[in-house]
Amino acid sequence: MDERSRSCLLVNRVDIMENVFFYDVSHYLLQKFIISTRDYENIESENTQMGKMGLLLDILPTKGPDAFPVFCNALQRIKSSVIELLISDDDDDGIDGMRVISPRHRPASESRYRTDSYAKQVLVEGGVPQRPNIYILRKDVLVDIREKLRALDGPGWLVITGMGGSGKTVVAAESLKDPQLLADMFPGGVHWVTMGDVDPPKLLLKMQNLCARLDKDKNRTPPHNIEEAKDRLRSIMAVSYPRSLLILDDVWSSRVSRAFDIQCRVMVTTRNKCVVDSVAGFVDTVNISTGFNLEQSLEMFSMWLNIPVCDLPVEAEKIYLAVDGSPLAINIIGGLINDHPDRWQSYLNSLKHHKIGRFIKETCYEYASIRQAIEISVNNLSNDLKDRYLDMAVFDDDVLIPTGVLSTLWELDIEGAEDILKLLDNKSLVSYKRGARNPNTYLCSLHNLLMDYIKEVTMNDKQRLHRKLVDNYREKCGGRFDELPDDQYIHWALCKHMKEANLYEDLYSLLTNLDWIQVKVKLFGPADLITDYVLYGQCQPDADDLIHPDLKPFRTMVSVNSHLLVQKHPPDIIQLGLLSDRSSKLYEQAKRRALHLTDDEKMYLDWCNRDPSQPLQLSTKHHDGPVHCARFSHNGSLFISGGDDYSIKICDAESGRIILPKPNSDVRICHDNTVLCCTFSHDDAKFASCGSDNTVRIWDSSTGELIAKFSAAEDEALMLPGNAAGNYGRRSYPGGTLVKEDCVDGLNLDSINIKKNQPKLQFCVTADQSTILSQLRGKSTSPLRSQHRIISKVQFHPSNSNQLVCCSGNGSITVIDLSTEGEMQLVTFDWCAHFDAVKDVSFSPNGNTIASCSVDGTVKVWAPQSVCLELLLTYTGHRNMVSNLCWSPDSSTIASSCWGEVHVWDAVSQSSTSTTSKRRCECTTGDASTVQSLAFHPSGRSLAGGLNSFSIRIWDAVSGKIISTLNMHTSWVYSVAFSHCGRKIISASDDETVMIWDAMELQPNTTHTVLKRDLDGVLDDGKVLVGAGDNHYRFQVLEGVSCEQVYVGCPEGGRIRAIARGRPGEFAYGCDTGTIKIYNHNTKDLRNVRVCEGNHRSVHNLYCLVFTQPSCDWLITAGNDKLISVWSLSTNEISLKWSLEGHTSAVNQVKSFTDDRRVLSIANDGRLLIWDVLSGKLLRDIQVVDDYLTSCAISPNQSHVCVTSTNSCAYIVNPDTDTQHTVLQGFTDCVRSCRFSPCSRYLATGDDTGRVKVWLVKGWTLVGTCCRHNAWVTDIAFNADGSRLVSTGDNIKFWTRDGTLLQTFYVNGRFTKYLLNSQDFTRFASIDSSGLLYMLETVKRAQEGDIL
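Residues numbered from 1 in each chain as written. Predicted model: local features only at pLDDT ≥ 70, side-chain atom pairs only at ≥ 80, totals over all residues. Heavy atoms only, no water.

Enquirer: How should I be thinking about the overall build of the chain in this particular structure?
Expert: Helix and strand content of the chain: 33 helices and 70 strands. Counting over 1348 residues, the chain shows a buried share of 57%. Contacts in the chain between residues at least 24 apart in sequence constitute 54% of all its contacts with a sequence separation of at least 6. Accessible surface, the chain as shown: approximately 56,600 Å² in total, 47% of it carbon and sulfur. (Helix = DSSP H or I, 4+ residues; strand = E, 2+ residues; numbered from the N terminus. Buried < 20%, exposed > 50% of the residue type's maximum accessible area, 1.4 Å probe, protein only. Contact = heavy atoms within 4.5 Å. Areas by Shrake-Rupley, 256 points an atom, 1.4 Å probe, with all protein chains shown as cover.)

Below you can see the structure in the form of structure tokens.
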């Protein structure tokens, strides 16, 4: 008889015995040979009818497959009602035409088999453990187990695996407490056997006990061996307990599963997945890889302590994280804290220090301690496997360990390491999976408690394990750690292992190895490398210094160039090392390496005049677009930033490493548009942000989860009182009426349900109801002007993290309160504060007042009341819109900015009747720049401002004088702030970077003098002389490779726009007032400066200034007055010889031929003119194009002129003939620069896409393309033979003629405009947009015999 038929007879046994008489069915069963005469006689010997039917039901399962259908036919013949319990309505015709099928399932309507009491009886009879006193429902796991139990439609195995203490036994027992599951799937009952780590004699004893429980023949002797017991159990389960479930709890060995392979349904709980590898039949698995979630863990603590979850201390969540939600650990610690409620922190500290041995508590669970539950698994390993497992204590918690690392640690090949990991994974001692970055690599990890255990066991062997790992890697790479292949781990963790192994000399060598630095930055980025310097930079035990002095330059190099090192093509590490202090070991190593590596494919440059002092500490680039705000946390360890990419980042302030959002996290910390402001609360528990999406969002600082969101309306609206609770807010309605619900003095107001993260009550009215509203307010009102409600600033209250203030473009200030009673609620009130957009708003440091500034030109100080703001003070000293403000630390003064002016004024009125304020001092930027952000130093003595001139200005807050200027940003500085200790400054810029500065190392720069980009000079060995103008309209001369300032002229009337070098030591310069002067440096006397004043005074700009070559007897000047002036210098008196008219628009460039007679000029009219300076005649007038001409160059042999244009072409003109000019094409944007090689064989052109193209003059074929700058190519120069060239743009790049990049020199500014070079192509000079002069020298290749 099949299993389902036996089960059907078993389930309905009572009904059959009570309702069927043996006499009625016996003759039919005899006729069909189902029972024999002897069977009949034995049944008849029973005294009662129920006894007879019971014996018949015992005999039928032994009579073959026809017994069940024949018995059903017999019941049909006598029309017994019992037949409806055995067959379905849609059966086919069977024996003798009777309807017979396989047994039916019991219908759901028969509730007596679906009750809890029925389930309880089955579980008690089966020996299933009771539920623990402290129990947490794990619904997802139970659903999974029950679904797979229902899939056991025949004999098969369900294996529940997990590490010790994961709750396998509890969830297995709990999964059976489903009456419907038991009735539908296991009508034969369930039978629970707890196994443990048993040897063969104990296993036989377990099987004998089970036989005794299940065997209905109580007189049979127990089986004598395992095979006999196995056969007996197979027979018992098949005949007496069909469709039952056997549960083997805590199986350790495959010996057990083989012994119970008896062709029935079996559920196994085990730590070892392999225990069922040798069994036959279907096998399914449920892996309990995760423990409790946070909510479940806190619920268990709450049940142990009998207190609400909300009353649990913060340590409860930290303990959950430390034990990774282990149910056993949570239960034991909960029990311990129930005994000692004051030991939360003590137990947390024990977990942090891997001391799990102290957690011992007798509970209803099998194990009384965490250590015991884990130790039994580890001790069950073979000695060799156990040693290898304990070796894994060398790794940190929560680290994914690649198999390649373990193969090195265990001195095995990859396959051998994978085999061991597979064994450990099967025993639930590790988690083992394929890597995400490299699917060919397997990664393993240990549960926190497993890691705690092996660390505790190997505590006295820690140093040896770390040394073993380092030595194995050293042997693998021959001591060249930088040549190690990337195994996704060792480059990240090698420094830590060296420190733990006390290998300080190796650690020092590693952190000062430029090859290691380059490899680590490439693999893991600069933040991880900076972290190594921070954590392991002492390089000696018990060092007082935070970092070894020799390592400071290495850390600084990485920190200040972090924004460059994250680029797709990062800078050369050796080149960056050459920018360090020349007395440092970093510079020595970089110079030595540069001397060795310089060849035809590489070149290196020394920045000869670099100032080694550098207040910049860190530069990061984490945003894809401008960064609008950056702020330190109050403890100074973190900073927050937000920008145009809509995202918000929280980073470590030492290394720049991103803390939030966490890598691979699903939590998104962002807005739907540009983030304009972000800030921390006073306790750093929250952070808030606002942006162009018209929202303020409040976030949890530890997780990054959104706490609340405030959305501002864009409609024309007024704020007025709400319901009786006195809540305030806004909501817009279409049309001119309000929705009826609540009524305030005859005005209908909308009533809105309070929801989580939503305003508690919001409403607004339209302008035609202002009369009614004025009665409510007790004064006249008028609607605000309709403006876009962009929220530009948000700030927390200085001592209340539940209160914020923000401002927006419609002139209003909004105060936001977060209520913590019950559900999180967001309650707001708006106040019409200004007549135009509010640009900035801030609480005073004491929290008593709020200041706001506006486009309307005023700054106002308010006292916040319960439902409104009371105006205390108005400052009207600015002449235009006020864009920024900040409070002094003592709340006594306010600094506010309007364009380039900063006013510092009293925040308290001078008298009780006055509402105006008095100015204390005024700070100016010193140039035409605009202040973008303001911040007071915590001492109140100084003030910082971020400018649109790419710099940060520091002023004395009392005198208003400039203290210092910080120049490293390459675009507008949108945000600046001090750390709360005052030792650091943080800035955010349009250049996509956030920079951190050392406020204690500011260099005095009271005049803020920087050079402008126009320059000329000579860089040959005989004399290095550079002339340039500065931002104070003065001409300067700098001498030598160190660029010593040897001359500073008097301020001119305007900016110096053009400079030209004439005879030795002689410079001519002109400014945009038209003034032209000539300075002879040989006299070193201002009296020897000769001034030429002519017809350029009336125009705004003088663009061009050049001496005729080679005599320099004539000075040619041109500007936007369209004239070209020729000045005679042959005598002591300078005289205007000619004013040449020909161009019809501004002249862009003038160049001199080398015959001392001819000059050419180009202009925006698209014409090229060639003049004779001796006669003043126009020799050639060539209309090149109808577009602007941007640059020109004359070949040294005077045979060709190249002209570039905005029409994406370059033109080659013969200056001596009227032949048609050649057009060079293939450009996709404006061609802006060009230059011939000194040998006249090559021409280079640069365009606005950043590409430089090199052309062979003979035939004008393209021989190379240099890709590329990230900005316009502004200047180009060749070496003597044309084999190398240099170009300027966003940086300075050196190339071979075929386009191979030799080196990139990154400038601090955004771009450079002009470049000087020596004739031997070994020295270069340029000035960037920040005003820094770069005097660069190539590092010459070391010759044989040189000491490196």
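Moving on from the coordinates now.
Enquirer: It is not clear to me how the state of the cysteines should be interpreted in this structure. Could you clarify?
Expert: Working definition of a disulfide: a covalent bond connecting the sulfur atoms of two cysteines. For the coordinates displayed, the defined rule picks out 0 disulfides. No disulfide involves Cys678; its nearest neighbouring cysteine sulfur is the one of Cys629, lying 4.1 Å away. (Disulfide = S-S within 2.5 Å.)

Enquirer: Would you mind showing me how to read the packing of aromatic side chains here?
Expert: Remark: the centre distance and the inter-plane angle together describe each pair of aromatic rings, the angle taken between the planes. For the structure shown, the criterion picks out 20 aromatic pairs. Judged by centre distance (4.6 Å) and plane angle (35°), the rings of Trp607 and Tyr1334 are tilted. Remark: Tyr1334 occurs in strand E70 (residues 1333-1338) and Trp607 occurs in strand E9 (residues 605-607); sequence separation between them is 727 residues. Summarising the burial analysis for this pair, Trp607 and Tyr1334 share the class buried. Geometrically, the ring pair formed by Phe680 and Phe687 is edge-to-face, given 6.4 Å between the ring centres and 65° between the ring planes. Both residues of the pair, Phe680 and Phe687, count as buried. Aromatic ring contacts, followed pair by pair, group Phe1035, Tyr1047, Phe1067, Tyr1069 and Tyr1079 into a single cluster. The residue whose ring lies beneath Arg1158 is Phe1153, and the NZ or CZ to ring-centre distance is 4.1 Å. Cation over ring: Arg1232 sits above Trp1272, and NZ or CZ is 3.6 Å from the ring centre. (Phe/Tyr/Trp six-rings, centres within 6.5 Å; stacked < 30°, edge-to-face > 60°. Lys NZ or Arg CZ within 6 Å of the ring centre and 35° of its normal.)

Enquirer: I keep staring at the pairing of strand E17 (residues 695-700) and nothing clicks. Help me out?
Expert: Across a regular strand the side chains alternate sides, sitting on one face of the sheet and then on the other. E17 sits mainly inside the fold: 5 of its 6 residues count as buried. Sheet topology places strand E16 (residues 686-691) next to E17; 5 bridges connect them, and they run antiparallel. Bridge assignment links Ala688 to a residue of E17, and that residue is Ile698. Hairpin connection, E16 to E17: the antiparallel pair is bridged by 3 residues, and Asn694 has positive phi, about 65°. Looking at chain direction, E17 and strand E18 (residues 706-711) are connected through 5 bridges and run antiparallel. Its bridge partner being in E18, Trp699 is matched across the sheet by Leu706. (Pairing = 2+ DSSP bridges.)

Enquirer: What should I look at first to understand the packing of helix H3 (residues 22-31) against helix H5 (residues 49-59) in this one?
Expert: Running from N to C, H3 and H5 point in directions that differ by 35°, and their axes come no closer than 10 Å. Judged by residue contacts, Phe22, Val25 and Leu29 of H3 engage Gln49, Lys52, Met53 and Leu56 from H5. Class assignment for the residues of the contact of H3 with H5 results in 5 nonpolar, 1 polar and 1 charged. (Axes fitted to C-alpha atoms, helices over the stretch in contact; angles between N-to-C directions. Nonpolar A, V, L, I, M, F, W, Y, C, P; charged D, E, K, R; others polar.)

Enquirer: Help me understand the pattern of salt bridges, please; the structure alone is not making it clear to me.
Expert: Where side chains of opposite charge bring their charged atoms close, a pairing between them can arise. For the structure on display, the rule yields 53 salt bridges. Among the salt bridges present, the one from Lys468 reaches Asp391, with a minimum N-O distance of 2.9 Å. Pair noted here: Lys468 is in helix H24 (residues 462-477) and Asp391 is in helix H20 (residues 383-391), with a separation of 77 residues, a long-range link. Taking the relative accessible area as the measure of exposure, Lys468 reaches 23% and is therefore partly exposed. Taking the shortest distance from any N to any O, the salt bridge between Arg1057 and Asp1072 comes out at 3.5 Å. One end of the pair, Arg1057, is in strand E44 (residues 1056-1061); the other, Asp1072, is in the loop between strand E45 (1066-1071) and strand E46 (1075-1080), and 15 residues separate them in sequence. On the basis of relative accessible area, Arg1057 is assigned to the partly exposed category, the value being 27%. (Salt bridge = Lys/Arg side-chain N within 4 Å of Asp/Glu carboxyl O.)

Enquirer: Would you explain H24 in this entry?
Expert: With 16 residues, H24 extends 23 Å between its outermost C-alpha atoms, agreeing within 8% with the 22 Å of an ideal straight helix rising 1.5 Å per residue. Buried positions along H24 lie against H20, helix H21 (403-409) and helix H25 (490-500). One or two positions beyond H24, positive phi appears at Gly478, with a value near 65°. (Expected span 1.5 Å × (residues − 1).)

Enquirer: Would you mind going over H5 with me for this structure?
Expert: Considered for burial, the residues of H5 that qualify are Lys52, Met53, Gly54, Leu56, Leu57 and Ile59. Taken together, the buried residues of H5 touch helix H1 (3-11), helix H2 (13-19), H3, helix H4 (37-44) and helix H6 (67-77). Among the residues of H5, the N-terminal cap falls to Thr48, whose side-chain oxygen and the backbone nitrogen of Gly51 are separated by 3.0 Å. (Polar contact = N/O pair within 3.5 Å; in protein donor to acceptor, adjacent residues only side chain to side chain.)

Enquirer: Looking at this model, I keep getting lost on the side chain of Ser580. Mind explaining?
Expert: One can find Ser580 in the loop between helix H31 (573-577) and helix H32 (585-597). On the basis of relative accessibility, which here comes to 14%, the residue Ser580 falls in the buried class. Within polar-contact distance, the side chain of Ser580 engages the backbone oxygen of Gly577 at 2.6 Å. There is a polar contact of 3.5 Å between the side chain of Ser580 and the side chain of Ser584. Apart from residues no more than four positions distant in its own chain, Ser580 is found in contact with Leu586, Tyr587 and Arg610.

Enquirer: I'm lost on the environment of Val931 in this one. Help?
Expert: With respect to the element layout, Val931 can be found in strand E33 (residues 931-936). Val931 sits in the buried class, given a relative accessible area of 1%. Each C-alpha atom, one on Val931 and one on Ser949, is 8.9 Å from the other, the two residues being 18 residues apart in sequence.

Enquirer: In this structure, what is going on with the environment of Leu424? I would like to understand it.
Expert: Checked against the element boundaries, Leu424 lands in helix H22 (residues 414-426). Expressed as a C-alpha distance, the spacing of Leu424 and Lys273, which sit 151 residues apart in the sequence, is 9.8 Å. In this structure, Leu424 is in contact with Leu381, Leu385, Tyr389, Met392, Leu429 and Val430, ignoring residues within four places of it in sequence.

Enquirer: Explain the sheet that holds strand E51 (residues 1135-1141) here, please?
Expert: Pairing between the strands of a sheet is mediated by backbone hydrogen bonds and can be parallel or antiparallel. One open sheet accounts for 4 strands, arranged E48-E49-E50-E51; its pairing is antiparallel. The strands lining the two open edges of the sheet, one partner per strand, are strand E48 (1102-1107) and E51. Shown here is a sheet whose adjacent strand axes are inclined to one another by a mean of 20°, direction ignored. Note that strand E49 (residues 1114-1119) and strand E50 (residues 1123-1128) share 5 bridges and pair antiparallel. Residue pairing across strands places Ile1116 opposite Val1126, the latter belonging to E50.

Enquirer: Would you explain the confidence of the model for the chain in this entry?
Expert: If pLDDT is low for a region, its predicted coordinates should not be looked at in detail. Scored by pLDDT, the chain comes out at a mean of 85, with 88% of its residues at no less than 70. Every residue in residues 90-102 scores below 50 in pLDDT, and together they form 31 contacts with partners more than four places removed in sequence or on other chains. Contacts of residues 1094-1100 to residues separated by more than four positions or lying in other chains number 26 contacts, the stretch itself having pLDDT below 50. (pLDDT = per-residue confidence, 0-100.)

Enquirer: Looking at this model, I keep getting lost on the pairing of strand E66 (residues 1292-1296). Mind explaining?
Expert: Burial runs high along E66: 5 of the 5 residues are buried. By the alternation rule, side chains of E66 split into Ile1292, Phe1294 and Thr1296 and Lys1293 and Trp1295, which are all buried. In terms of strand pairing, strand E65 (residues 1284-1288) meets E66 through 5 bridges, oriented antiparallel. Each bridged residue has a counterpart across the sheet, and for Arg1284 the counterpart in E66 is Thr1296. Where E65 hands over to E66, the hairpin turn is made up of 3 residues, counted between the paired strands. Pairing between E66 and strand E67 (residues 1301-1305): 4 bridges, direction antiparallel. What sits directly across from Phe1294, in E67, is Gln1303. The antiparallel hairpin formed by E66 and E67 contains 4 residues in its connecting segment, where Gly1299 sits at a positive phi of about 100°.

Enquirer: Quick question: what am I supposed to make of the sheet that holds strand E31 (residues 901-906) here?
Expert: Spatially, 4 strands are ordered E29-E30-E31-E32 in an open sheet, and the strand pairing comes out antiparallel. Each of the sheet's edge strands pairs with one partner strand only, and the pair in question is strand E29 (884-887) and strand E32 (919-924). Each neighbouring strand pair of the sheet contributes to a mean axis angle of 20°, computed without reference to strand direction. Alignment of E31 against E32, held across 5 bridges, turns out to be antiparallel. Following the sheet pairing, Glu901 is matched in E32 by Thr924.

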